[in-house]
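These are the residues of each chain, in order.
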Amino acid sequence: MKHPFNDCGVIARYREFLPVTDATPVISLSEGSTPLIHSPKLSAITGGEVYVKYEGLNPTGSFKDRGMTMAISKAAEEGAHTVLCASTGNTSAAAAAYAARAGMKCAVLLPAGRIAGGKMVQAYIYGASVIAIRGNFDDALRLVRELGETGDFAIVNSINPYRIEGQKTAAFEIIEELGNAPDIHILPVGNAGNITAYWKGYKEFKELGRSGKLPRMLGVQAAGAAPLYHGAPMDNPETVATAIRIGRPASWDGAKAAVSESGGCFEIVEDSEILAAQKWLASNEGIFVEPASAAPVAALFKCFNRSGKPTQCDCCPFRQIQPGAKVVLTVTGHGLKDPDTAKHAVTAPIETDATAQAVREALAKISN
Ligand code: AN7
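Residues numbered from 1 in each chain as written. Predicted model: local features only at pLDDT ≥ 70, side-chain atom pairs only at ≥ 80, totals over all residues. Heavy atoms only, no water.

## A few points about the site of the ligand
As a matter of local geometry, the ligand sits amid 23 residues, with Asn90, Thr91, Asn191, Ala192 and Thr332 nearest to it. In this structure, an oxygen atom belonging to the ligand sits 2.7 Å away from a side-chain N or O atom of Asn90. Here an oxygen atom of the ligand sits 3.2 Å away from a polar atom, N or O, in the main chain of Gly193. Expressed as a share of its isolated accessible area of 460 Å², the protein-covered part of the ligand is 99%. Going through the elements one at a time, helix H4 (90-102), helix H9 (193-207) and helix H13 (291-304) are the ones with two or more residues in the shell around the ligand. (Near = heavy atom within 4 Å. Polar contact = N/O pair within 3.5 Å; in protein donor to acceptor, adjacent residues only side chain to side chain. Areas by Shrake-Rupley, 256 points an atom, 1.4 Å probe, with all protein chains shown as cover. Helix = DSSP H or I, 4+ residues; strand = E, 2+ residues; numbered from the N terminus.)

## Notes on the packing of helix H3 (residues 64-77) against H4
Between H3 and H4, whose axes approach to 9 Å, the crossing angle comes to 40°. Relative to H4, the element H3 is oriented oblique. The way H3 lies across H4 gives a crossing that is right-handed. Contact residues: Lys64, Asp65, Met68, Thr69 and Ile72 in H3; Asn90, Thr91, Ala94, Ala95, Tyr98, Ala99 and Ala102 in H4. (Axes fitted to C-alpha atoms, helices over the stretch in contact; angles between N-to-C directions. Parallel < 35°, antiparallel > 145°, perpendicular 65-115°, else oblique. Left-handed = near helix turned anticlockwise from the far one by under 90°. Contact = heavy atoms within 4.5 Å.)

## What to know about the sheet that holds strand S9 (residues 265-269)
Spatially, six strands are ordered S1-S2-S10-S7-S8-S9 in an open sheet, and the strand pairing comes out mixed. Two strands close off the open sheet at either side, each with one partner strand: strand S1 (36-38) and S9. The average undirected angle you get between the axes of adjacent strands in this sheet is 25°. Sheet topology places strand S7 (residues 184-188) next to strand S10 (residues 326-331); three bridges connect them, and they run parallel. Note on S10: the bridge partner recorded for His185 is Val328. Its contacts with the sheet put helix H12 (residues 271-285) on strand S8 (216-222), S9 and S10, and the angle it makes with S9 is roughly 90°. (Pairing = 2+ DSSP bridges.)

## Digging into the packing of aromatic side chains
The final tally for this structure, using the stated rule, is eight aromatic pairs. Measuring from centroid to centroid gives 3.9 Å for Phe172 and Phe205, while their planes differ by 10°, and the two rings are stacked. Here Phe205 lies in helix H9 and Phe172 lies in helix H8 (residues 169-178), a separation of 33 residues in the sequence. Taking relative accessible area as the criterion, Phe172 reaches 0% and is therefore assigned buried. Ring geometry for Tyr198 versus Tyr202: centroids 6.2 Å apart, planes at 35°, classification tilted. With Tyr198 and Tyr202 both in helix H9 and four residues apart, this pair spans about one turn of that helix. A single burial state applies to Tyr198 and to Tyr202, both of which are buried. Through pairs of rings, three or more aromatic residues link up here, namely Tyr14, Phe17, Phe172 and Phe205. Between Arg210 and the ring centre of Phe205, over which it is positioned, the NZ or CZ distance is 5.2 Å. (Phe/Tyr/Trp six-rings, centres within 6.5 Å; stacked < 30°, edge-to-face > 60°. Buried < 20%, exposed > 50% of the residue type's maximum accessible area, 1.4 Å probe, protein only. Lys NZ or Arg CZ within 6 Å of the ring centre and 35° of its normal.)

Now the structure itself:
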């Protein structure tokens, strides 16, 4: 029997563009259809029209839910009992949640000690078997590939093409909301599945005549975890943005193609720039994102130097920006995923007596 709850996720919304049939049981948590929020302040800085695609509002708090509804639905169709993934934390949260809903077991391999607190809690609360690997994400993904060969597990990392299919729906939504593709699309890049998926989505809607153009894709990496920017895999990626602490992106070719075909580029931002952008976005636009998701905002600041003029970077897509050009930033995960890293913004609260007078005095001190 069809249930209305299953009629509002990305498979329901974009069924005709996805590899599903009547035989596919739709496992959904009503993911997708996230807000595209206009940012007046970022628009003023760039002279363009800047929008933020707030993917942190998906059911498990990140864009991974779009791909996971597809991967788990197809795994269910194929009769899988156990799904497996490596993760920097968001894929595991999504896999665990959708597996729970599908009645499947879920095992997740995580880099020991390098997962944000909220994401770790999610894996456990949704009932996954959690294995902490003494190594980084790239080691965990290597193990997933190896374990996948036995056929005992359905792999739900983005090496599973259904993940990319689900994630491309974000590009569809943006086109439908703006009436066209934007001129520039900026997003963080780790394992590179998402930039690959967006580019696929943009190209598909262009070919179908639903969009009149394609955006330039700007992929942002952390300076300490920037294999695509440098053009070579890295052995010891390091960044405060643990979500994108990845040295050997699985979708290398897809990311390279997205950037070269679109006339875009890769950019890097320092951890300090990421944290400053995270605080800026929260305190100026009311949008709290995890560190990896602040990377596109940091890139925008880097490219514009907060001066309203693009900096002198040869590859910069902004050099071509016209007044009013549309720019979309995908902010991929919710800020509450990683409260510990956000503590840079926290100072000890002023404690007062419980009187209005004491509160007034304390407030006066803060605003001084
Ligand atoms: C918030 O969860 O790789 O370039 O294992 O969690 O598609 O990998 C997460 C990646 C950006 C990068 N922002 O996307 C994982 C994982 C956030 C993320 C990315 C991730 P991809």
